[in-house]
Amino acid sequence: MRKVDVVFFFFVIFFFNDTATTEIYTLSLHDALPISVFIQKEIDRMIRETINKDTDFRQLVARKTIRQLAHIWNLETSIGTTVKAKFYNDGGGGTPYPDEYLELYASAKSIRSDYEVTGLTIAAASSYFNALEREAKSALQAYALTEEQAFILGDDATAETAGLTLNSQIGVTGSYKGLKQLLSSAISVANGGFNDASTVYGQTRSATSTAKQYKLNCRCVATSLTSTSALSVDNLNKVITESNVVGGKTHNRIFLCSERRLDEIADLIAPQGRFVIGANSVELDGGLSVLTWKRNKIIGSRLMTYFGVTSTNGTSVTFTDADNAMALLDMDAINFYNIAGVDMKHVPIMGSDSAQRADVEGGYFKGYGVFIMESFTTHGVIWNLTSP
């Protein structure tokens, strides 16, 4: 049976007996319908207009849905002698080797941003609607900025004093692991790594090329092994090549750096634009323009100011909260998985229970999911950079 929604419009007309004049008072449509209808409509419009205006990286991450409270996946690690395809002589035979896999998992996290305005149902004036929109927009902006902060800087709880984050921390306590924790390598510094046998998604990185955990290492390109140095075109080219040789050549890749680093790169590649293919800019939807280098977009984020890796001895590295590194990211391998579609969901709240005053209007935006780097080898980090 088809459901039919019926909306009734009520108009109340008062007549007064007066020999001189007859005045008619009519209630408007705004008086007849619930205020919440208009509030919800305005917030829906505001969400569309606001959501990606204050962030740089989060909107580039593919968003998908899962139905469990953690994302569990198998990373293919067919390396060494475990080949699947071989040539045989006529009549020859052999034993095929199946793929080998490394099981990884990451638990989902919940995030929520609230807003509230009082006096709406009493006054119902335009100034109150404006106040509600401002509060809702502020909550939505805080949600998006906090999510981007978690995507890039993860759960780093170090204090931040420059005012670039909302919580006065480098990362977000209790959040997912971000790029700062995920982009690393157990390979020795001398051989192109960070000598960092850290744990990621329940597994420990390995520097042994025949181990499954070797696939948890990203590519690392140093400007120098013993001191910070300025970024060069050779650094950009080398990290692209390192990603190419492990299969990232046709993938959707971006460079991610700080805003100040972006200015440095613009000056660096500008003279090359006349004769190097890909040293140019690309136009995006909405009239935005971004730099590219060899067809890889270059994106600036203020949060990359706290993404740093340095070394002074050539044997070990220090992960810093300074602008000493930038990343080449394979976006085909980076996703955000929400749980059952709960992704920036808006939940309005009105003062209709004993816990709230009757004149309260508000709500919150909530999400439940996890930021995931599905594979590692096609990502790269240019490190030991001099701060711009």
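Residues numbered from 1 in each chain as written. Predicted model: local features only at pLDDT ≥ 70, side-chain atom pairs only at ≥ 80, totals over all residues. Heavy atoms only, no water.

*Asks:* Would you mind going over the side chain of Q203 with me for this structure?
*Replies:* Within the secondary structure, Q203 sits in strand 8 (residues 203–204). A polar contact of 3.3 Å, which involves the side chain of Q203, links it to the side chain of Q213. If near-sequence neighbours (up to four positions away) are discounted, Q203 is found in contact with L102, E103, L104, S198, Q213 and L216. (Helix = DSSP H or I, 4+ residues; strand = E, 2+ residues; numbered from the N terminus. Polar contact = N/O pair within 3.5 Å; in protein donor to acceptor, adjacent residues only side chain to side chain. Contact = heavy atoms within 4.5 Å.)

*Asks:* Is there a simple way to think about the layout of surface pockets in this case?
*Replies:* One way to see where empty space is left: roll a probe the size of a water molecule over the atoms. Considering only enclosed or pocket space, the second largest pocket measures out at about 290 Å³ in volume. For the second largest pocket, the lining is made up of 18 residues, of which Y105, A106, Y176, K177 and Y201 are closest to its centre. Looking at the lining of the second largest pocket, the elements that each hand over two or more residues are strand 5 (101–107), helix 5 (179–182), strand 7 (199–200) and strand 19 (360–373). When residues in the lining of the second largest pocket are grouped by element, the largest group, 3 residues, is from strand 5. (1 Å grid on protein atoms, 1.4 Å probe; cavity = no way out; pocket = protein on both sides within 12 Å on 5 of 7 lines; lining within 4 Å. Points joined across faces, edges and corners; volume = space filled by probe spheres on them.)

*Asks:* Would you take a moment to explain the environment of I382 for this structure?
*Replies:* Of note, I382 is situated in strand 20 (residues 380–383). Here I382 falls in the buried class, since its relative accessible area comes to 1%. (Buried < 20%, exposed > 50% of the residue type's maximum accessible area, 1.4 Å probe, protein only.)

*Asks:* Help me out: how do you make sense of the packing of aromatic side chains in this one?
*Replies:* The relative placement of two aromatic rings is captured by the distance of their centres and the angle of their planes. In the structure shown here, the tally under the stated rule is 10 aromatic pairs. Ring plane angle 20 degrees and centroid distance 4.5 Å describe the contact between F151 and F371, whose orientation is recorded as stacked. Taken as a pair, F151 in helix 4 (residues 126–153) and F371 in strand 19 lie far apart in primary sequence, 220 residues in all. Looking at F151, the relative accessible area reads 0%, which means it is buried. Both rings, one in F194 and one in W383, keep their centres 5.4 Å apart while their planes meet at 90 degrees; by these two values the pair is edge-to-face. Of this pair, F194 sits in the loop between helix 5 and strand 7 while W383 sits in strand 20; the two residues are 189 residues apart in sequence, bridging distant segments of the chain. (Phe/Tyr/Trp six-rings, centres within 6.5 Å; stacked < 30°, edge-to-face > 60°.)

*Asks:* Looking at this model, I keep getting lost on empty space enclosed by the protein. Mind explaining?
*Replies:* Counted according to the given criterion, the structure contains 2 cavities of 30 Å³ or more. Considering only enclosed or pocket space, the largest cavity measures out at about 40 Å³ in volume. Contributing to the lining of the largest cavity are K180, L183, F194, F307, G308, V309, F319 and V381. Each residue belonging to the lining of the largest cavity can be placed in one class, and the counts come to 6 nonpolar, 1 polar and 1 charged. Lining the second largest cavity we find D54, T55, D56, L145, E148, S301, R302 and L303. (Nonpolar A, V, L, I, M, F, W, Y, C, P; charged D, E, K, R; others polar.)

*Asks:* How should I be thinking about the nonpolar core in this particular structure?
*Replies:* Proteins that are soluble and globular tend to have nonpolar side chains buried together. If you look at the biggest cluster of nonpolar residues, it comprises 51 residues, and the most contacted ones within it are F57, L179, L183, Y201, L329, F371 and W383. Not counting residues within four places of it along the chain, the set of residues in contact with F371 comprises F57, V61, F151, Y176, K177, G178, L179, L182, Y201, I334, N335 and F336. Grouped together as the second largest cluster of nonpolar side chains are 17 residues, V221, V233, I298 and I382 included. (Core = buried A, V, L, I, M, F, W, Y, C linked by side-chain atoms within 4.5 Å.)

*Asks:* Sorry, what's going on with the side chain of R261 here?
*Replies:* Locating R261 in the fold gives a position in helix 7 (residues 259–269). Residue R261 is classed as buried on the basis of its relative accessible area of 0%. At 2.8 Å, the side chain of R261 and the backbone oxygen of D323 are in polar contact. Not counting residues up to four positions away in its chain, the partners in contact with R261 are L231, D323, N324, A325, M326, L385, T386, S387 and P388.

*Asks:* I would appreciate a short explanation of unusual backbone geometry in the present structure.
*Replies:* The phi angle of most residues is negative, glycine excepted, and most peptide bonds adopt the trans form. Of note in this structure, N195 is not a glycine but carries a positive phi near 55 degrees. Its place among the elements puts N195 in the loop between helix 5 and strand 7. On the basis of relative accessibility, which here comes to 45%, the residue N195 falls in the partly exposed class. At K294, a position not held by glycine, the phi torsion is positive, near 50 degrees. Its location among the elements puts K294 in the loop between strand 12 (289–293) and strand 13 (296–300). For K294, a relative accessible area of 35% translates into the label partly exposed.

*Asks:* Explain the environment of D54 to me, please; I cannot follow it from the model alone.
*Replies:* Mapped onto the secondary structure, D54 falls in the loop between helix 2 (35–50) and strand 3 (62–66). By relative accessible area, D54 is classed as partly exposed at 34%. Spatially, the C-alpha atoms of D54 and Q141 are 7.0 Å apart, while their sequence positions differ by 87 residues. Those residues in contact with D54, other than ones at most four positions away along the chain, are Q141 and L145. A polar side-chain atom of D54 sits 3.1 Å from a polar atom in the side chain of Q141.

*Asks:* Please clarify how the pattern of salt bridges should be interpreted in this entry.
*Replies:* Between side chains of opposite charge, a pair can form when the charged atoms approach closely. Counted according to the given criterion, the structure contains 10 salt bridges. One salt bridge connects R261 with D323, and the closest N-O pair in it is separated by 3.5 Å. One end of the pair, R261, is in helix 7; the other, D323, is in the loop between strand 15 (318–320) and strand 16 (325–330), and 62 residues separate them in sequence. As far as burial versus exposure is concerned, R261 and D323 are alike and both buried. (Salt bridge = Lys/Arg side-chain N within 4 Å of Asp/Glu carboxyl O.)

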